[in-house]
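Residue-level listing of the chains:
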Amino acid sequence: SGKNQAQMEQVVVNGSESHLVVVDNPNLLQKKISAIRLAGPAKLQVIADFDATLTKYWINGCRGQSSHNLLQQEDPEYNVKRQTLYDYYHPLEFDPAIPLDEKAKLMVEWWEKTHALLIEGGLTYNAIQNSVAEATIAFRDGVTELFELLEEKGVPVLIFSAGLADIIEEVLKQKVHRSFKNVRIVSNRMVFDENGRLQSFKGKTIHVLNKNEHALDMAAPLHDHCDDLNGLGDEKSSLKKRTNVLLLGDHIGDLGMSDGLDYETRISVGFLNDKVESSLESYRKAFDILYLNDSSMHGVVKLASHLC
Ligand code: TMP
């Protein structure tokens, strides 16, 4: 329709790559940008999903891998076992007929069984390093710039994932080659024994249905090498005071990542990677800004530079 056309902006990057941006309500977006800008960077935090939000959906014509499915255990029998669980539970994850409370139980069941297989198979950090080195995974162009800009402005970035924190960290290490003071990974974190084998997981299990700021209270310490609970407490309470949010996700459910935070203004940015025809209407209503065509992060970098 003409209305749809008017609200879609075609942005050409590098002359060849074209990306579609959809803003359903430009006036509301402008108001939110002004409000966040006025409050300043001290009031802002960024909450991002990892898989297919910070990372590319397609890489050289292949589906990019997630932190879960890139992992290759030493004993391949365990990869088969985890795949069998995936084949059973993944359809349930997206089954609209299952009530939420029942689905949450099923998801806990899936995550616990998968984690148990990782422990039983004696996963080593070395296997994680090798798996990441061989994985089909890449950050969207502009992610490093985004993290750098936010680091410069002192704005924290929380990466919420129901995946595996140690793998996400290794992906950052191998693909970005530097660490960021402001980036925290809130995900399932592993504990290795003295022989370097996976022994247990820290904190409560984070799965797709409890991936939100409540997870901050359940999760393992935010700092990689810091078990200082007081330090963590300070960080948590300072996050609660940052009541403006820039949220990045690729599922409508990702909007729940800011639940548990009493936010004032939130700008949500969505990446619609799949089933574009059938999901466009719901996604454009759900997100303030929607990127199609496996876009880069350059638009978000520009937005962030306006916000802080
Ligand atoms: P997230 O990336 O949105 O945080 O969600 C994690 C995804 O991981 C979720 O869609 C289910 C998937 N998953 C696997 O692929 N393998 C597994 O073993 C488990 C437990 C989850």
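Residues numbered from 1 in each chain as written. Predicted model: local features only at pLDDT ≥ 70, side-chain atom pairs only at ≥ 80, totals over all residues. Heavy atoms only, no water.

## Looking at the site of the ligand
Move 1: What surrounds the ligand is the set Asp 49, Asp 51, His 68, Tyr 86, Glu 93, Trp 110, Trp 111, Thr 114, Ser 161, Ala 162, Val 208 and Lys 211.
Move 2: Between Asp 51 and the ligand, the recorded distance is 2.9 Å, taken from a side-chain N or O atom to an oxygen atom.
Move 3: Within the contact set of the ligand, an oxygen atom lies 3.1 Å away from a side-chain nitrogen or oxygen of Thr 114.
Move 4: For the ligand, whose free accessible area comes to 490 Å², the fraction covered by protein is 90%.
Move 5: Among the secondary structure elements, those contributing two or more residues to the shell around the ligand are helix H3 (76-93), helix H4 (100-120) and strand E6 (157-164).
Move 6: A per-class count over the shell around the ligand returns 5 nonpolar, 3 polar and 4 charged. (Near = heavy atom within 4 Å. Polar contact = N/O pair within 3.5 Å; in protein donor to acceptor, adjacent residues only side chain to side chain. Areas by Shrake-Rupley, 256 points an atom, 1.4 Å probe, with all protein chains shown as cover. Helix = DSSP H or I, 4+ residues; strand = E, 2+ residues; numbered from the N terminus. Nonpolar A, V, L, I, M, F, W, Y, C, P; charged D, E, K, R; others polar.)

## Focus: helix H7 (residues 165-176)
For an α-helix the count is 3.6 residues per turn, leaving residues at separations of three or four pointing the same way.
Move 1: An ideal rise of 1.5 Å per residue puts 16 Å on 12 residues; H7 measures up with 16 Å between its terminal C-alpha atoms.
Move 2: Extensive coverage of H7 is indicated by the burial of 9 of its 12 residues.
Move 3: For H7, the secondary structure elements touched by its buried residues are helix H5 (125-134), helix H6 (143-152), E6 and strand E7 (183-192).
Move 4: Where H7 ends, the next residue or the one after it, His 177, has phi of about 60°, a positive value. (Expected span 1.5 Å × (residues − 1). Buried < 20%, exposed > 50% of the residue type's maximum accessible area, 1.4 Å probe, protein only. Contact = heavy atoms within 4.5 Å.)

## Let's talk about a nonpolar patch on the surface
Move 1: Among the surface-exposed residues, Leu 100, Val 208 and Leu 209 lie close enough to one another that they form a single nonpolar patch of about 250 Å² accessible area.
Move 2: With respect to the helices and strands, Leu 209 occurs in the loop between strand E8 (198-202) and helix H8 (215-218).
Move 3: Classification of Leu 209 by relative accessible area gives partly exposed; the value is 37%. (Patch = residues over 30% accessible without salt bridge, like charges linked within 9 Å, V, L, I, M, F, W, Y side chains within 5 Å. Salt bridge = Lys/Arg side-chain N within 4 Å of Asp/Glu carboxyl O.)

## As for the confidence of the model for the protein
Move 1: On average, residues of the protein score 89 in pLDDT, and 88% of them reach the 70 mark or higher.
Move 2: Note that residues 1-17 has pLDDT below 50 and, in this model, 24 contacts with residues that lie over four places away or in other chains.
Move 3: Here the predicted complex scores 0.90 on pTM and 0.96 on ipTM. (pLDDT = per-residue confidence, 0-100.)

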